[in-house]
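Spelled out, the chains give:
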Amino acid sequence: MLTQEEQEIREDCIIYAKALRNNYVRLYNRTKADERHYKEVADRLNELNDYAQTQYEKLRRGVIETASKDYFTVLMSLPSHYKRGANNVKEKYSPLSAKSDWRGPVVFFVSVLILLYMAIASALSYLLIMLLPKLPIRLGRYIREHRIYQDKKLMISYTLGVAIFGVALGVVRSFVKQNFLVLMATSYMFVFAWLFFVIILSLTIRHSGEKMRHGLASYIPFMLMAFFVIIMRIVFMPSSIINLIFPPIMLCATIWQIFNLRHHRKHVATSDLVFSYVSLVTMIFATISSWAGYTIAAVESMVWWTFQLAFIQTIACIRDIAANYEQSNVLRRIRAKKYITAGISDSQLLAKMRNGDFVGLTWFYDFIRITLIPILAIFSILASIFCEADFFNCAQLCRDLFETDFVNIPDTIQISLMKLYVAGVMFFVFRYMLYVIRSSYRVAKDRHAAKQNNQQANITLANNILAILVWGFYFVFCLVLFNVPKSGISVISAGLATGLGFAMKDLLENFFYGISLMTGRVRVGDYIDCAGTFGRVESITYQSTQISTLDGGTVAFLNKSLFSQNFRNLTRTTNYAFVKVPIGVAYGTSIDQVRKVLIDHLNAFYNDYKANHKTNRPMINDKGFSVVFNDFGDSSVDLFVTYWVLVENRIVFNAMVKEQIYKALNNAGIEIPFPQRDLHVIAPTAPAEQ
């Protein structure tokens, strides 16, 4: 059917199609081969990676867990160990070891550089100490006029010297980018400078004279050992040398620390003594470990406590500076408000500060005291462990340890050390927020109450609501932080609500009655009378109300009981209670005379009482004493002496008023009749005659 030309075209198309097919087949086979090769390479790389990780884990564990020969065995073959150590030193630090960053000239140059910076820092600090008192500026005059500078002159010189040395190390590190040994040396020497600086600064701030020098002496053995450990790390001292020289040096330093504490402990502050004893415990552990053959573990313990002590001393410095700031600045600013602080001692003023009465002036100091210092204390634990791990190039391992969830229940909860740290930090942040909000609200309410006849502000309900809101937000934050799913929260909440609703019926009833009380029906400080119990309200919770009775006892009423027994709030609208003292006079006595005698005598008594008893408020209100007619009694004319008296003084003052009434009537010759009965005896009649 095809022409000759069309057949030729057909044949060309078939040839072209076959060529394409063959090319695709070859490409497919090559791709499959490459895929098999890639899979083989990937499997091999995974095997190598697993092997490397296994070997690294064994090496890491072996550093701590695997002990070398104990030191007594080393001493038995000391010549051979000495020879091995000498060969290692020669091999590593020889000038001919061109490929080593720790060859002799490099280590020597770095050592000379560090010593040079130490000398320059010491010289500059000495010059500053000598020149500052001579400067015609305010600082120079202050130094010349204060004897305390002379007592701390040496310690201030040390502090300045270490600070200048640390700054110099930072400058060197910022300019040197290539030399690994210089970078490492400056980093680790900066750690030692930091530790030395914060210890000296803390001692200088807190102490003076001999106590300061004794405190420094208690740290010296540990600080020298920390310096020695850092030097070993900088020069990468061979393990054969470390195993040979570290145990005896550690033993000598520990003995020195023991004798140091025995000599200086009576002159050292309690906090410094505690830190020194912890340093001693660390040194004893390091000594025992190194002599048992666990030298690396001993070194790690020393490094960890070096970082931990540096963090602790830094926090102590911040605390001491904040305390000085409180004494010199905060108290002075509060004392400037004389209308608030008149007649208040420093101890009472500090108590008011801690209670948040001056939160507008103390909020920054309160933040340091309540929030910053606890957060830094928690942070120091994790940071010291991380820095110690980084010291041995295990920072990534430590980071993985912190971030790995040790509690990991899918779709339920995940908890790691880092999440726990964040939860702890936010606890102190939320606590500070609650403190500031509560204190600000209380101050505002007290100012408002001061304008309302000095009545005490009712803040119990507000305090509890604020606490529920703030800690409720914190609880929700923790749930989100620990990855608790919303569905799980809903299920748990529904189950708890159902079960607790039945189990806590009485508690919930008391809870709502407590809210009713807190809305203003009862305030802390009110005097109430419930079921014959009279006393002052000390606290109102969601379950009970605690009352302090006048006889010194304490009674707690369930909130439900107060309502069921119809309590009386005697100071809800006024602080005075109405009192009626019943008296009786004989029939025939002039009521006007009795009224005049009693009122004159009681007024004279009260004026004398006011002259000898200074109180914030009058004992009775402006209405004074009154005498009113009550009733015709069986044996007397019954009267009432009435007045309004401060509720808290009602019983004592009533007793004095009754005594004065008795004296007034006796002195005026007015008869106070006592109950009497007239008996008429009727003689029996004779019986009728039968």
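A. Representation of the overall build of the chain. Of the regular secondary structure elements, the chain holds 23 helices and ten strands. Within the chain, the proportion of its 690 residues that are buried is 37%. Of all intrachain contacts in the chain linking residues separated by at least 6 positions in sequence, the fraction that spans at least 24 positions is 69%. Split by element, the accessible area of the chain, about 41400 Å² in all, is 63% carbon and sulfur.

B. Quick look at the sheet that holds strand β7 (residues 568-569). Spatially, the five strands line up as an open sheet ordered β6-β5-β4-β3-β7, and their pairing is antiparallel. Strand pairing shows two members of the sheet lacking a second neighbour, β6 (554-558) and β7, which therefore form its edges. By the bridge criterion, five bridges tie strand β4 (residues 533-540) to strand β5 (residues 544-549) in an arrangement that is antiparallel. Residue pairing in the sheet places Arg536 in a bridge with Ser548 of β5.

C. Spatial organisation of the packing of helix α9 (residues 210-234) against helix α11 (residues 270-291). Where α9 contacts α11, the axes come no closer than 9 Å and their chain directions differ by 40°. The angle between α9 and α11 falls in the class oblique. By crossing handedness, the relation of α9 to α11 is classed as left-handed. For the pair α9 and α11, the contacting residues are Ser218, Tyr219, Pro221, Phe222 and Met225 in the first and Asp272, Phe275, Ser276, Ser279 and Met283 in the second. Partitioning the contact of α9 with α11 into residue classes produces six nonpolar, three polar and one charged.

D. Looking closely at the nonpolar core. Met225, Met232, Phe246, Met302 and Leu309 are the most contacted members of the largest nonpolar core, which totals 48 residues. With near-sequence residues (within four places) excluded, Met225 lies in contact with Phe246, Ile249, Met250, Ala253, Met283 and Met302. Counting residues in hydrophobic clusters, the runner-up holds 27 residues, among them Phe605, Phe625, Val657 and Leu665.

E. The arrangement of the side chain of His214 in detail. Secondary-structure assignment places His214 in helix α9. Residue classification places His214 among the buried positions, given a relative accessible area of 13%. When neighbours within four sequence positions are excluded, His214 is seen to be in contact with His264, His267 and Val268.

F. Quick look at the pattern of salt bridges. Applying the stated rule across the entire model yields ten salt bridges. Salt-bridge contacts for Lys663 lead to Glu659; the nearest nitrogen and oxygen are separated by 3.3 Å. One end of the pair, Lys663, and the other, Glu659, are both in helix α23 (residues 650-667), four residues apart, so they sit about a helical turn from each other.

G. Broad picture of a nonpolar patch on the surface. A cluster of nonpolar residues, Leu116, Ile120, Leu124, Tyr126, Leu127, Met130 and Leu131, forms a patch on the protein surface that exposes about 640 Å² of accessible area. Residue class for Leu124 comes out partly exposed when judged on its relative accessible area of 38%.

H. Broad picture of the packing of aromatic side chains. Evaluated as defined, the whole model comprises 26 aromatic pairs. Seen in terms of ring centroids, Phe311 and Phe379 are 6.0 Å apart; in terms of plane orientation they differ by 90°. Their pairing is edge-to-face. Taken together, the residues span a long stretch of sequence, with Phe311 in helix α12 (residues 295-335) and Phe379 in helix α15 (residues 359-391) at a distance of 68 residues. Under the relative-accessibility criterion, Phe311 is labelled buried at 13%.

I. Representation of the pairing of β5. The side-chain alternation of β5 yields one buried face, formed by Thr545, Ile547 and Thr549, and one unburied face, formed by Ser544, Gln546 and Ser548. By the bridge criterion, five bridges tie β5 to β6 in an arrangement that is antiparallel. Counted as the bridge partner of Gln546 is Ala556 from β6.

J. Looking closely at the pairing of strand β1 (residues 405-409). For β1 and strand β2 (residues 413-416), the ladder comprises four bridges, and the chain directions are antiparallel. By the bridge assignment, Val407 is partnered in β2 with Ile415.

K. A look at the environment of Tyr158. Mapped onto the secondary structure, Tyr158 falls in helix α7 (residues 153-175). When the C-alpha positions of Tyr158 and Ala121 are compared, they lie 9.5 Å apart, and in sequence the two are 37 residues distant. Not counting chain neighbours up to four residues away, the residues in contact with Tyr158 comprise Ile200 and Leu216.

L. Here's a closer look at the confidence of the model for the chain. The predicted model of the chain averages 78 in pLDDT, with 79% of residues at 70 or higher. Mean pLDDT in the chain bottoms out at helix α13 (residues 338-341), which sits at 54, and peaks at α11, which reaches 89.

M. Expanded view of the sheet that holds strand β10 (residues 637-646). Pairing is antiparallel in the open sheet, where three strands are placed in the order β8-β10-β9. Across the chains shown, the open sheet's two edge strands, defined by having one partner strand only, are β8 (576-585) and β9 (626-632). When strand polarity is set aside, the average angle formed by the axes of neighbouring strands in this sheet is 30°. Two strands pair when backbone bridges link them, and β9 and β10 are joined in this way by six bridges, in the antiparallel orientation. Within β10, the position partnered with Phe629 by the bridge is Leu639.

N. Just the side chain of Asn260, in detail. Within the element layout of this structure, Asn260 appears in helix α10 (residues 239-264). Take Asn260: its relative accessible area is 11%, and that puts it in the buried class. Discounting chain neighbours no more than four positions away, the residues touching Asn260 are Ala217, Ser218 and Pro221.

O. Summary view of the packing of helix α22 (residues 591-612) against α23. At their nearest, the axes of α22 and α23 sit 9 Å apart, and the two run at 130° to each other. Here α22 lies oblique to α23, going by the angle between them. Between α22 and α23 lies a crossing of right-handed hand. Counted together, Val594, Val597, Leu598, His601, Leu602, Phe605, Tyr606 and Tyr609 of α22 and Phe653, Met656, Val657, Gln660, Ile661, Lys663, Ala664 and Leu665 of α23 form the full contact between these two elements. Grouping the constituent residues of the contact of α22 with α23 by class yields 13 nonpolar, two polar and one charged.

P. Layout of the environment of Asn654. Mapped onto the fold, Asn654 is located in helix α23. A residue is classified by how much of its surface remains accessible, and Asn654, at 13% relative accessible area, is buried. Between the alpha carbons of Asn654 and Lys580 there is a distance of 9.5 Å; along the sequence they are 74 residues apart. If we skip the residues at most four places from it in the chain, Asn654 touches Val579, Tyr643 and Val645. Reaching out from Asn654, the side chain makes a polar contact with the side chain of Tyr643 at a distance of 2.5 Å.

Conventions used here
Residues numbered from 1 in each chain as written. Predicted model: local features only at pLDDT ≥ 70, side-chain atom pairs only at ≥ 80, totals over all residues. Heavy atoms only, no water. Helix = DSSP H or I, 4+ residues; strand = E, 2+ residues; numbered from the N terminus. Buried < 20%, exposed > 50% of the residue type's maximum accessible area, 1.4 Å probe, protein only. Contact = heavy atoms within 4.5 Å. Areas by Shrake-Rupley, 256 points an atom, 1.4 Å probe, with all protein chains shown as cover. Pairing = 2+ DSSP bridges. Axes fitted to C-alpha atoms, helices over the stretch in contact; angles between N-to-C directions. Parallel < 35°, antiparallel > 145°, perpendicular 65-115°, else oblique. Left-handed = near helix turned anticlockwise from the far one by under 90°. Nonpolar A, V, L, I, M, F, W, Y, C, P; charged D, E, K, R; others polar. Core = buried A, V, L, I, M, F, W, Y, C linked by side-chain atoms within 4.5 Å. Salt bridge = Lys/Arg side-chain N within 4 Å of Asp/Glu carboxyl O. Patch = residues over 30% accessible without salt bridge, like charges linked within 9 Å, V, L, I, M, F, W, Y side chains within 5 Å. Phe/Tyr/Trp six-rings, centres within 6.5 Å; stacked < 30°, edge-to-face > 60°. pLDDT = per-residue confidence, 0-100. Polar contact = N/O pair within 3.5 Å; in protein donor to acceptor, adjacent residues only side chain to side chain.

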